[in-house]
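Architecture and fold: a report
In case you want the letters, here they are:
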Amino acid sequence: MQYIDAEFAVGQEVGMPQFITDDGVNVVFSYAEQFGCDAIDRIVLADNTPKMLCDADWKYGVFPDYQSMVAGFSFMASDWNTYVSGAVPSFFGEGAEPDREEFDWVMSRFSDNDPGIILTMFVNNSTFDARGGLPRINVPVLLTHGTLPSYCTKDIMEGIAGLMENSRVEEFYGGHLHMIQDAAHFNNVVLDFLGQSDQ
């Protein structure tokens, strides 16, 4: 599968056993808030936000209000299989026609999760607010998102980028899983950003 091979290749190139591009964003923002970026060279943030819930002071979240967030969590807790059957296609983006092998792989991986653990992760992420780390990020930052409606929109990613002094946004085909759907392009751009591209 292209994504597995490509992901492994990126991890090898940057000297990491696993290339974390999604919920690792919480670690990045928290680290920057606590320690600054003296020990960090560059950051890649894929389709995520330092605060999931929108409010009067923050419009770059993925949940427009508290009620919609709770409704989503309630649905997840009450009927895991139905939730997964709707969530996984949405990760690929509205109108996407994912490769069957990739789709089945994501579906099996997501379905195998313990619903309680996933719900706990989402609940924790929903109250997480790492905006305090944004002013301390003074290294180059690459933010990525998909072209298809899915999770973080272009406006969200560009809004977050505008809060960091040395950042840029790149679009890739796909939705929340654009690093799978547009793997070759994604890996080339990321490796080039990290200064490790062969091109």
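Above: the structure in question.
A few points on the structure. Everything quoted here is computed from the prediction, not taken from an experiment. (Residues numbered from 1 in each chain as written. Predicted model: local features only at pLDDT ≥ 70, side-chain atom pairs only at ≥ 80, totals over all residues. Heavy atoms only, no water.)

1. Quick look at the overall build of the protein
What counts is decided by this rule: Helix numbers and strand numbers start at the N terminus; a helix is a DSSP run of H or I with at least 4 residues, a strand a run of E with at least 2. When a residue's accessible area, from a 1.4 Å probe over protein chains only, is under 20% of the maximum for its type it is buried; when over 50% it is exposed; and in between it is partly exposed. Two residues form a contact once any of their heavy atoms are found within 4.5 Å. For the accessible areas, the method is Shrake-Rupley and the probe is 1.4 Å, while residue cover comes only from the protein chains on display.
Looking only at helices and strands, the protein features 9 helices and 3 strands. Ordered by position from N to C terminus, the α and β elements of the protein give α-α-β-α-α-α-α-β-α-β-α-α. Classification of the 199 residues of the protein by burial places 44% in the buried group. Put simply, 73% of the contacts in the protein that link residues at least 6 apart link residues at least 24 apart. Surface exposure of the protein reaches about 10,300 Å², of which carbon and sulfur atoms provide 50%.

2. Examining the side chain of Thr49
Test applied: Think of a polar contact as two N or O atoms within 3.5 Å of one another; within protein, one of them needs to be a possible hydrogen donor and the other a possible acceptor, and neighboring residues in sequence only count if both atoms come from side chains.
Along the chain, Thr49 turns up in the loop between strand E1 (43-46) and helix H3 (66-78). A polar side-chain atom of Thr49 sits 3.2 Å from the main-chain carbonyl oxygen of Lys51. One polar contact links the side chain of Thr49 to the main-chain carbonyl oxygen of Tyr60, over a distance of 2.9 Å. Contact partners of Thr49, with chain neighbours within four places excluded, come to Phe29, Trp58, Tyr60, Gly61, Val62, Cys152 and Ile160.

3. Quick word on the state of the cysteines
Inclusion rule: Note on terminology: pairs of cysteine sulfur atoms within 2.5 Å are recorded as disulfides.
The tally for this structure, following the rule as stated, stands at 0 disulfides. Looking at Cys152, it has no disulfide partner, and the nearest cysteine sulfur is the one in Cys54, 9.8 Å off. On the basis of relative accessible area, Cys152 is assigned to the buried category, the value being 4%.

4. What to know about the packing of H3 against helix H4 (residues 80-92)
In plain terms, the rule: Only the stretch in contact is used when fitting a helix axis, every axis being a line fitted to C-alpha atoms; angles between N-to-C directions are given from 0 to 180 degrees. In what follows, roughly perpendicular refers to angles from 65 to 115 degrees, roughly parallel to angles under 35, roughly antiparallel to angles over 145, and oblique to any angle outside these ranges.
Look at H3 against H4: their axes get within 5 Å of each other, and the N-to-C directions meet at 120°. Taken together, the axes of H3 and H4 lie oblique to each other. Contact residues: Phe75, Met76 and Ser78 in H3; Trp80, Thr82 and Tyr83 in H4.

5. So, H3
Counting along an α-helix, one turn takes 3.6 residues, and residues three or four places apart therefore face a common direction. Convention followed: Working rule for helices: expected span equals 1.5 Å times residues minus one.
In a regular helix each residue adds 1.5 Å, so 13 residues correspond to 18 Å; H3 covers 18 Å between its end C-alpha atoms and thus fits that length. On its buried face, H3 is in contact with H4 and helix H6 (115-127). Sitting at the amino-terminal end of H3 is Asp65, which places a side-chain oxygen 3.3 Å from the backbone nitrogen of Gln67.

6. A closer look at unusual backbone geometry
Across residues other than glycine, the phi torsion is negative in most instances, and most of the peptide bonds are trans. At Asp47, a position not held by glycine, the phi torsion is positive, near 50°. Of note, Asp47 is situated in the loop between E1 and H3.

7. Side note on helix H9 (residues 183-193)
Listed as buried for H9 are Ala183, Phe186, Asn187, Val189, Val190, Leu191 and Phe193. The positive-phi residue at the C-terminal boundary of H9 is Gly195, with phi of around 75°.

8. What about the side chain of Asp47?
The condition that has to hold: None of His or the chain ends enter the tally, which takes Lys and Arg as positive and Asp and Glu as negative. Think of a salt bridge as a Lys or Arg side-chain nitrogen and an Asp or Glu carboxyl oxygen that are within 4 Å of each other.
Here Asp47 sits buried without a salt bridge, and the closest side chain of opposite charge, Lys154, lies 13 Å off (N-O distance). A polar atom in the side chain of Asp47 sits 3.4 Å from the backbone nitrogen of Cys152. In terms of polar contacts, Asp47 uses its side chain to reach the side chain of His176, at 2.4 Å. Apart from residues lying up to four places away in sequence, Asp47 is in contact with Thr144, His145, Gly146, Tyr151, Cys152, Met157, His176 and His178.

9. Observations concerning the environment of Thr153
You can see Thr153 is positioned in the loop between strand E2 (141-146) and helix H7 (154-161). Since its relative accessible area comes to 41%, Thr153 is described here as partly exposed. Each C-alpha atom of the pair Thr153 and Asn48 lies 9.6 Å from the other, and the pair is 105 residues apart in sequence.

10. Considerations on the pattern of salt bridges
Applying the stated criterion across every chain yields a total of 5 salt bridges. Linking Arg42 and Asp41 is a salt bridge whose minimum nitrogen-to-oxygen distance equals 3.6 Å.

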